Structures are given as C-alpha cells and as structure tokens.
Amino acid sequence: MISKKSIVWFEEVNKNDVGLVGGKGANLGEMVNANLPIPYGFILTSHVYFDFIHRAKLESKIKDMLSIINYDNPSELQQASHHIKQLILDSEMPNYLIHSIVSHYEQLEQKEESSFSNNSLISEGAKSLKHLFKPAIVAVRSSATAEDLPTASFAGQQETYLNVQGDARLLNKVKECWASLFTPRAIYYRFQQGFSDKKVGLAVVVQRMVQSQKSGISFSIDPVTNDKGKIVIEAIYGLGEYIVGGKVTPDHYEVDKKSFVILKKEVKEQRIMLKKSAYSNKEVELSKSLGNEQKLSDEEIIKVAFLVKDIEKHYFFPQDIEWAIEKDRVYIVQSRPITTIKSNQSSAIRNQQDAEKLKTDNRQPILTGSPASPGIGVGSVNIIHNPREIFKIRHGDILVAPQTNPDYVPAMKKAAAIITDKGGRTSHAAIVSRELGIPAVVGTEKATKILKNEMVVTVNGATGEVFKGKISNQSSVVGSQQKKDKLTTDNRILKTKTHVYVNLAEPEQAQKIAKMNVDGVGLLRAEFIIAQIGTHPKEFIRQKKQHLFINKLAKDLSIFSKAFSPRPVIYRATDFKTNEYRNLKGGREYEPHEENPMLGFRGAYRYIANSDVFQLELEAIKKIYQLGYRNLHLMIPFVRVPWELVKVKELVQKAGLTNLPGFEFLIMVEVPACALNLEEFIKIGINGVSIGTNDLTMMLLGVDRDNEEVSQIYDERHPAVVKVLRDIVTTSSKYKITSSICGQAASDYPDLVEELVQAGITSVSVNPDAIDRTRELIYNIEKKM
C-alpha cells in the first residue's frame, strides 16, 4: 500500500488499496497492472476528501445534521442531503489541490499513449497533434471506501459524470462527486449497512471517456442460478447508463465458460440510446430495424467472454464487469465481486422446487419477463413511476415500476417481490433484488399497463412469470422459513436404492459437495484439471518432464478421492477434442486441424493412437491407490467399435490397473453404434456403463444442440432417444453390470429420470444444484414402485 498521496495514477494502486482509493479505484489499478484493456486515468485519494472536509470545517456540521433525522422518512433524508451537499459545493477547494488536479489532467493523454505505445493504430503524427486541440474528455466517477466490497454491493450509491472536458468543469465535477456521498440513497445505504459517515471516504476516479458505440454488463457466473459454467453478457447500443439503470431492456447472451460456445441469444428491441452531445449526453431514438438487431456480433460476444474469464481468473472470484466497445475495441470500465452468491445450495434447490410447484398449478401467467432473482412472492400490486413515490410502498407489496435506481432501495426492502417494465438481469433492480433475496421479474415491457393497484399476484422470480391471484399451494413457501428448513433437512436424510451421484470437474468443489446427500461422483471430468495444468501432455513428454504432469493430475484426483472416500469417484479419461487440445500451450504443434472435432480424433481411438499420453493418466490413477485410496475408477468416453475397447483395455491391463483392489473399468455410451450393439462391448469385460445423453441425443437426432438454427429439435425426451436409453439400461441389467446417466438430461428432466428408474437404472449423476431434488424425486418414485 502506498503512503498518504493526494493523487495517484492507476498503475500506482492495486486491489489492496481500497481504503485509499475505494473499491472502484483499487480494481481499476489492479486491472491496469494485469494488462487488461482499461481506459487510463488517475484517482484523487480518500485523503484528499478528508482533507477538504477538515479544511472547510464541515465535520461537526454534517454530524449534527445527520444526528437528528429519521432515516425512514424520505422527506427528512432529502432535506438533510440538500443542506450537506450545498455545504460541500459552497466550500473552496485548496490551491495545492487545484494545481495538482489540473497538472494530472494535462498529462492524462500523454500518459495513456505511453501505456498503449505498442498500438500501431495511433500514428506518431496523430499523437503529437492531439495536444494542439481540445483537452481530454473524461468520466469523473465516485469510488467510496465502503463501495464495491465483497460484503456489500449496492453499486451506484454515488454519482458518475460523463463527457467532462476542461479544467473548470473537471474541478466542479470533483466537488459534485464528493457531495454525492450525501445523496439520500447514499445516506440511507450507509445507515442500513452500519457504516460510519465519519469514516467512509470518497476517492474520485478521473478516467478517459470511452465513447461507446455499444456497452454492457457481464457476470462470470449466472447471477440468477449461480451456475459457474456460464458467462452471462447483456448489451445495448450507446453509453452504459441505460443498462445499469434499467431504462432499456438489453440483449441477453449466455456463453459456456469452458468451450466459449454461445449457449443462448435473446435479442430485445431497443428504442432509445444515450450518446455524447457536446459537453453532455443526449437521448436519441433508434429506428425499428436497428433497434431489433442483435447488438453484439458473435465475435464480439466471444471477445467479451474471453475478457470476463480472464478477469475472474485474475481475482479468483466471480466478477460483475462493466465494459464498452469503442471503434471495435473492448474496454473494461469496472469490475467488482458478485455479492449475491449463495453460501449454500439449499435456497437454490428450494427456489427450483417452488418454480415447479407453480408450473403444475395449470394457470397461465398474465405477464412474463426475464427471471432476475429467484423465489416466490405473493402480494398486492403497488405501482410507482418515480422515486418521489416510494413512500407509497407498504411492507409485503409487489413493487411495480418502469425501472428502478438506487433511490428506490428503501421501498425495495419492504416489497414481497419486484416487477419492472424495462431492464435485464444485470440492471439495478435485478442486482439489488438478488442481494436482498427478493423475487424479481424484469423487462416485462408492460407491467405498469397490465397490472392494477391492489391486484393480488404471485411472482415467480425463477421463471420470470407473474400469475393473477394467490396460488394456494405456495402459501407455505412464502411465509414459513421453518418449513423450508425442514424440507431441506428431510432431503438430506433420504436414502434410495438408486444411487444419486454428482458430476464434478473442479477440485475446489470436492469437499463442499461431498458433505451433501450424495453417493459418490458419477462423472469426474478430466478436462478442467488438464486445462488448469495448461500445457499439452505431449509437450511434457517432449521435455522428459512427464512426472510433473502425472504428479499434478494425481494431486487433484486425490482431492476427490479423499473427500468422497469410501464412496466411488468415476474418473472419465480426458475427452478434449482437437480444437480444445490446441488451446493448451504447445497444442498447435501436436493437434491436427479438423472440420468437425466432435466426430474426430477423440475418446478411445485417441488413447490407442497416443498411448504415451494415455499412460500419463493411468500412472496418475495408480498413484491414488498407492496413497491407500480404493475408490477411484476409470471410465472410457466415446467408444465407437468393439476393437477400440479391446485395445484400450489391453493398455489398462498392461499398466497394472486391473490388478488394483476394487478397481472398476467402465465405458461411456454416447455413440449410437455402441448403444445399439451394447452386448458386444459388455462381453469384452466392463463393470458398468454411463450414458452421455448430450452426444448420444445429437447423433441419434442428427442435430447440433449448439446451433440455434436447429437446436429447438434437440430433445433428450424424443421417443427414439428414450427407447435407446431404456434398451441400454435393460441390457446392462441383463448382464448384471451397473448403469448410469450423466448427461445434462439427468439434471433437467425429472420425467426422464422416472422412466429410467422404472427400467432399473442403478444410478443417476447430476449437477450439484440438482442433488437434493433428484434424491427426493427418486425416493418418491421408488416409494410408488
């Protein structure tokens, strides 16, 4: 941490300097030092703010005003705010500070150019001529020392000023930033959070303004479901203020974090945008054709996703990221930790159960929007159109508004649920609702028109649906935490004949998931571990450093074996495709280019062709048994023909694994030829099978589930697919080997699970968030049987 300095450049601070430059300033410095694309700037530290308040003799005046107000009275908050802000604006700024701010402002463009000196797009002539014209256009942004901390989000409590140009305007905006520490919403927020007004300082970020053609917010996990495998991106045209404030409903994209496949694209109509106009911003209307276009190209979606993953990897924690695109370049404007991650899985499970109960009520929703904060809320509609009306909201109301901003927070805390016309899952309404644990549906477009005051509605925040009336079978869900807790406890003690396994990939999750009511790991994916190692296995072999690869893999495998022992851990050998292997260090030297990697050089055939690489995995498994564990087993993916299995089994036997006590050898059934000719594979000698529904369904139906043009055809519940699944299970039962299902279908479709349990499947392997509900489902199925 640096000393008491008045003004610092971004690179002079890092994430440890929150007390000096606030959360926003510290994160910007951290990211500049990580070589991420950040618009350059400098920061007036919190010491400057405290010095200003002290010289102007404002401490006691502020304290006296705040000591006599009723924080729950909006008019008193407003009056105190007005007086304190005026005191700050009327006080003179010290001369030393004026000179220092102006000096840093004059150096800004020169410093930024030096930091981007390798950018060939900026000619030397252009650089030298720039300073002969207008001074830099900047954004002046607050960075409170209690803002953007891991324990509290409520971003936007203080003000940001865009398109500021010239010394005089900059100095005025700095004071306005300081004054914004005492907006009504900021005063209320600190009171609720227990932060002392005397101790909370405000740093001011002065940052080169990005004139964004497109902007948005991204989350490195799904903020509604907490799915760590997805990156969520929302985007609009123009400056980003309209997406944060929920004034427009953004496009919504979801990207697979591992493969960077675009999983979902929801394109929304945008009618207005905010853009620079002289020294201010103006709202402009968009044509219908432009407003209905996809805001980001697929290439831009992937570019943003790459940066989001890089930032999460740098911080080792899920991030909420603001970004902007200017002249085809993506800039990161801000990153902060996501504060709404649930500390346990039970609430997510309950929310899903609640959603399913509502679906079975046979009612049609009167309104739909984007699911923003899961849960069920029932109450009377109370429509407000601006923050001046928040006094109308009573405890237990359904708050309905065009959109929300931080001024709505006192009313939001009273609401049973929140519905907005505009905004996406990254808007203010969505973020605050998740933090408060209040169900929310956003972007309905017409809530304030369709709903009427005092109308009773049921809000399902998990599905984005609003139903008329109080749905009776939800009364216990809404009102009784005790019943919720009992339900979760009951799920944990349920036992079933059909084993419930879990799909895992990250060693960090092992210990936590092992404490749940789960019978073992039905699918341990190798790819995440290999990707963390980062280097192609053949590169280790070339350098004669195989032991490094083996030891790292064995170390991670031991984490799973230890956490779940004596319960089984079924390790699926590496199933990277060539395009994924090529992304590893050195991968391009060893991997061919394939037009269709999904049907290419992968699975069992690869182990035969690259037996030296396969041997590394077998050696790692042996090390686990040498440590004394007896619960790690091997599963071979993507087996096409019987002779492949013969060859692979020979390699496993030669490595000595089949002689290990308790070791089991299994295969994935995901190729139709294997599924339809399963008896021939079983006769070669295997202990069990696990059905990979993802690939099997795609090949049976001849459809790419990631291709939006045809993906609607993809369905694991297609009669042809279900028939093949049943045949696999009954064939396995006939030969007395275990059978399981580990594809996404096991987590998503209870009706399919029921079909397979009735057919005699011995286990299902599901995602962590589906463990308890799947256990309860199977318990009820077996009870009926």
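Just above sits the structure.
Procedures and definitions
Sequence order as written defines residue numbering, which begins from 1 separately in each chain. For this predicted model, a pLDDT threshold of at least 70 governs which residues receive local features, and a threshold of 80 or more governs which side-chain atom pairs are given and counted, while totals over whole chains, interfaces and linings are taken from all residues. Based on all heavy atoms of the structure, the side-chain values leave hydrogens and waters out of the count. For two strands to be treated as a pair, DSSP must find no fewer than two bridges joining them. A run of H or I in DSSP counts as a helix once it spans at least four residues, and a run of E counts as a strand once it spans at least two, with each numbered from the N terminus. Note on method: axes are straight lines fitted to C-alpha atoms, helices fitted across the in-contact stretch only, with angles between N-to-C directions ranging 0 to 180 degrees. Think of it in three bands: with a 1.4 Å probe and only protein chains considered, a residue is buried below 20% of the maximum accessible area for its type, exposed above 50%, and partly exposed in between. Contacts: residue pairs with any heavy atoms within 4.5 Å of one another. Two N or O atoms count as a polar contact when they lie within 3.5 Å, although within protein this holds only if one can serve as hydrogen donor and the other as acceptor, and sequence-adjacent residues are included solely when both atoms are side-chain atoms. Definition used for salt bridges: Asp or Glu carboxyl oxygen within 4 Å of a side-chain nitrogen of Lys or Arg. Expected helix span is given by 1.5 Å per residue-to-residue step, counting one fewer step than there are residues. Two axes enter the definition of the bend at a residue: one is fitted to the seven residues ending there, the other to the seven starting there, and the bend is the angle between them. Stacked, tilted and edge-to-face are the three classes assigned to paired rings of Phe, Tyr and Trp, where Trp is represented by its six-membered ring and a pair needs centres within 6.5 Å; plane angles under 30 degrees give stacked, over 60 edge-to-face, the rest tilted. Cation placement over rings: the criterion is NZ of Lys or CZ of Arg within 6 Å of the ring centroid and within 35° of the ring normal. Patch criteria: residues need more than 30% relative accessible area and no salt bridge. Like-charged residues are merged within 9 Å; nonpolar side chains of Val, Leu, Ile, Met, Phe, Trp and Tyr are merged within 5 Å. Surface exposure here means Shrake-Rupley accessible area, sampled with a 1.4 Å probe, where a residue is shielded only by the protein chains that are shown.

**Student:** Please provide a residue-by-residue account of the sheet that holds strand S9 (residues 262-266), values included.
**Tutor:** Strands sit in the order S9-S8-S7-S6-S12-S13 across an open sheet of six strands; the sheet is antiparallel. Each of the sheet's edge strands pairs with one partner strand only, and the pair in question is S9 and strand S13 (329-337). Within this sheet the neighbouring strands show an average axis-to-axis angle of 20°, counted without direction. Alignment of strand S7 (residues 230-237) against strand S8 (residues 251-256), held across six bridges, turns out to be antiparallel. When the sheet's bridge partners are listed, alanine 235 is paired in S8 with aspartate 251.

**Student:** How would you explain unusual backbone geometry if you had to name every residue and give the values?
**Tutor:** With omega at 5°, the peptide bond leading from serine 565 into proline 566 counts as cis. Here proline 566 shows up in the loop between helix H21 (546-564) and strand S24 (569-572). In the Ramachandran plot, glutamate 445 falls in the positive-phi region, its phi being about 75° despite a non-glycine side chain. Mapped onto the elements of the fold, glutamate 445 is located in the loop between strand S19 (440-442) and helix H15 (447-450). When its relative accessible area of 33% is taken as the criterion, glutamate 445 is described as partly exposed.

**Student:** Help me get a handle on helix H8 (residues 184-193), residues and values and all.
**Tutor:** Counting buried positions over the 10 residues of H8 gives seven, a clear majority of the element. Residues of H8 that are buried: Pro184, Arg185, Ala186, Ile187, Tyr188, Tyr189 and Arg190. At its buried positions, H8 is contacted by helix H3 (59-67), helix H4 (74-90) and helix H13 (409-412). Just downstream of H8, glycine 194 is the residue with a positive phi angle, here 80°.

**Student:** Explain the side chain of glutamate 465 to me, using residue names and the numbers behind them.
**Tutor:** The residue glutamate 465 is located in strand S21 (residues 465-468) in this model. The exposure class assigned to glutamate 465 is buried, which follows from its relative accessible area of 18%. Polar side-chain contacts of glutamate 465 include one of 2.8 Å to the side chain of threonine 463. When residues no more than four places from it in sequence are discounted, the contact partners of glutamate 465 are Pro365, Leu367, Thr368, Val441, Thr458, Val459 and Asn460.

**Student:** Break down the pairing of strand S27 (residues 688-691) for me, with residues and values.
**Tutor:** Side chains Gly688 and Ser690 of S27 all project onto a buried face; the interleaved residues Val689 and Ile691 project onto the opposite face, where all are buried too. For strand S26 (residues 665-669) and S27, the ladder comprises four bridges, and the chain directions are parallel. Bridge pairing in S27 links leucine 666 to glycine 688. In this structure, S27 lies alongside strand S28 (residues 738-741), joined through four bridges in parallel fashion. In the sheet register, glycine 688 faces S28, and the bridge partner there is threonine 738.

**Student:** Let's hear about the pattern of salt bridges: which residues, and what values?
**Tutor:** Summed over the entire model, instances satisfying the criterion amount to 34 salt bridges. Between glutamate 389 and lysine 392 there is a salt bridge; the shortest N-O distance is 3.4 Å. Glutamate 389 gets classed as buried once you look at its relative accessible area, which sits at 18%.

**Student:** Give a description of helix H1 (residues 18-33) that names residues and reports values.
**Tutor:** Given a rise of 1.5 Å per residue, 16 residues ought to cover 22 Å, yet the end C-alpha atoms of H1 are separated by just 15 Å, more than 12% below that figure. Approximately 80° is the largest bend angle found in H1, and it occurs at lysine 24. Of all 16 residues that make up H1, 13 are buried, and the element is covered over most of its length. Positioned one or two residues after H1, asparagine 35 has a phi angle of 65°, which is positive.

**Student:** Got a sec to walk through the packing of aromatic side chains? Specific residues and values, please.
**Tutor:** A full pass over the atoms with the stated rule returns 13 aromatic pairs. Judged by centre distance (4.5 Å) and plane angle (15°), the rings of tyrosine 607 and phenylalanine 614 are stacked. Tyrosine 607 sits in the buried class, given a relative accessible area of 3%. Overall, the relative accessible area of 2% leaves phenylalanine 614 in the buried class. Here the aromatic cluster, defined as three or more aromatic residues joined through ring pairs, consists of Trp9, Phe10, Tyr40 and Phe42. Cation over ring: arginine 208 sits above tyrosine 331, and NZ or CZ is 5.3 Å from the ring centre.

**Student:** Explain a nonpolar patch on the surface to me, using residue names and the numbers behind them.
**Tutor:** Judged by side-chain polarity, Tyr605, Val641 and Trp643 come together as a nonpolar surface patch covering roughly 290 Å² of accessible area. Considering the arrangement of structural elements, one finds tryptophan 643 in helix H26 (residues 642-654).

**Student:** Which residues make up the pairing of S7, and what values go with them?
**Tutor:** Counting buried positions along S7 gives seven out of eight residues, so the element sits mostly inside the fold. Taken together, the six bridges between strand S6 (residues 214-219) and S7 define a ladder with antiparallel strand orientation. Each residue of the ladder has a partner; that of phenylalanine 219, found in S7, is valine 232.

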